[in-house]
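# Secondary and tertiary structure notes
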Amino acid sequence: MNDLPPEQNDPEAPEIQPASPMAEDDLQFIAAKTLAGDVRDFLLDRLRHDHSPLPWHLRGEDEQQRTIDAADEHSRLLVAKVVDLVMAGGRRTIMATFKKAAIKDHIACELHVPITNEDRHALLDSVGEVITLTLADTRAFNGDRGKPKPTPDQRGLFPDDPEGPDDGPVFDKTPSGRKG
């Protein structure tokens, strides 16, 4: 997951930007203090790695759809990271699956944490300590105002087509066609 040395996991440590990050790799460099700039850099990185020589309106429908799908996937990753940062308030967080709870004179909880979690040692060291449990579900922020649609490669032929009506015969727009 995080290949940085422990001293660079410190929130006060300077950030190191990767040369050519992938979506999940560069999310580890997002910090609460620099969130606006980090989101900007994340978006610019997506644009830098878009190797299409054509502007949007000249791309085919399939290529536009691939770009839309990639943007959708990356935006969900970004939102999940931002929600995690904001909810954590600068504290360390550990993602876990809440498996079960039992109520007696207290509530006993069973959480499952992946063995590869980078903070597993801090979690094990905190057994018996008082910790803060924050409930955050990033899926609550995955909505949108409507999915973008690629421009169809071919316009509709009939007025009731969802892509729009045809312009009509070219002849009718010429001086000879209007006389008829």
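So, here is what we can say about the structure in this document.

What counts and what doesn't
Here, residues in each chain are numbered from 1, in the same order as that chain's written sequence. At least 70 in pLDDT is required for a residue's local features to be given in this predicted model, at least 80 for side-chain atom pairs to be given and counted, and no such filter applies to totals for whole chains, interfaces and linings, which use all residues. Calculation of side-chain values draws on the structure's entire complement of heavy atoms; hydrogens and water are dropped beforehand. Definition used for salt bridges: Asp or Glu carboxyl oxygen within 4 Å of a side-chain nitrogen of Lys or Arg. Secondary structure follows DSSP: runs of H or I at least 4 residues long count as helices, runs of E at least 2 residues long count as strands, and numbering of each begins at the N terminus. Each residue's exposure class comes from its accessible area (1.4 Å probe, protein chains only) as a fraction of the maximum for that residue type: buried when under 20%, exposed when over 50%, partly exposed otherwise. Paired strands are those between which DSSP finds at least two bridges. Every angle, taken between N-to-C directions, lies between 0 and 180 degrees, and every axis is a line fitted to C-alpha atoms, over only the stretch in contact when it is a helix. Any angle between 65 and 115 degrees counts as roughly perpendicular, while under 35 counts as roughly parallel, over 145 as roughly antiparallel, and the rest as oblique. Note on convention: near helix rotated counterclockwise from far helix by under a right angle means a left-handed crossing. Clockwise means right-handed. Here a residue-residue contact requires only that any non-hydrogen atoms of the pair lie within 4.5 Å. Under the scheme applied here, ten amino acids are nonpolar (Ala, Val, Leu, Ile, Met, Phe, Trp, Tyr, Cys and Pro), four are charged (Asp, Glu, Lys and Arg), and all others, including Gly, are polar. Expected span of a helix: the number of residues minus one, times 1.5 Å. Patches here: salt-bridge-free residues with over 30% relative accessible area, like charges joined within 9 Å, nonpolar side chains (Val, Leu, Ile, Met, Phe, Trp, Tyr) joined within 5 Å. Each accessible area is a Shrake-Rupley estimate made with a 1.4 Å probe; only the visible protein chains count as cover when residues are assessed. Definition of a polar contact: a pair of N or O atoms within 3.5 Å, with one able to donate and the other able to accept a hydrogen when the atoms are protein atoms, and with sequence-neighbouring residues admitted only if both atoms are side-chain atoms.

### What to know about the pattern of salt bridges
Going through the model one piece at a time under the given rule, you end up with five salt bridges. Note that R59 and D50 form a salt bridge whose closest N and O atoms lie 2.7 Å from each other. A salt bridge links R76 to D72, with the shortest nitrogen-to-oxygen separation between them at 3.5 Å. Highlighted residues: R76 and D72, both in helix α3 (residues 61-88), separated by four residues, approximately one helical turn. By relative accessible area, which is 26% here, D72 ends up partly exposed.

### Some thoughts on the pairing of strand β1 (residues 97-103)
One ladder, built from six bridges, connects β1 with strand β2 (residues 107-112); its direction is antiparallel. The residue of β2 that forms the bridge with A102 is A108. What sits between β1 and β2 in their antiparallel hairpin is a turn of three residues.

### Regarding the packing of helix α2 (residues 35-48) against α3
At a closest axis distance of 12 Å, the pairing of α2 and α3 adopts a crossing angle of 165°. When the axis of α2 is compared with that of α3, the two are roughly antiparallel. Classified by chirality, the crossing of α3 by α2 is right-handed. Residues L35, V39, F42 and R46 of α2 touch α3, and the partners they reach there are H74, L78, V82 and L85. Here the contact of α2 with α3 is composed, by residue class, of six nonpolar, one polar and one charged.

### Some words on α3
The end-to-end C-alpha separation of α3 is 40 Å, in line with the 40 Å expected for 28 residues at 1.5 Å each. Within the sequence span of α3, burial applies to Q64, I68, H74, L78, V83, L85 and A88. Within two residues after α3, G89 carries a phi angle of roughly 60°, on the positive side.

### Let's talk about a nonpolar patch on the surface
On the surface, F98, L111, L133 and L135 cluster together into a nonpolar patch covering about 460 Å² of accessible area. Examined against the element boundaries, F98 turns out to sit in strand β1.

### Considering α2
With 14 residues, α2 should reach 20 Å at 1.5 Å per residue; the first-to-last C-alpha distance of 20 Å fits that figure. Of all the positions in α2, only G37, D38, F42, D45 and R46 are classed as buried.

### Examining the side chain of N117
Secondary-structure assignment places N117 in the loop between β2 and α4 (120-125). In this structure N117 comes out as buried when scored by relative accessible area, which is 13%. Among the polar contacts listed, one links the side chain of N117 to the backbone nitrogen of D119, at a separation of 2.7 Å.

### Considerations on the environment of A140
Looking at the secondary structure, you find A140 in the loop between α4 and α5 (175-179). Classification of A140 by relative accessible area gives exposed; the value is 64%. For the pair formed by A140 and A80, sequence separation is 60 residues and the distance between their alpha carbons is 9.8 Å.

Note that every value here comes from positions in space, so none of it alone points to a role or purpose.
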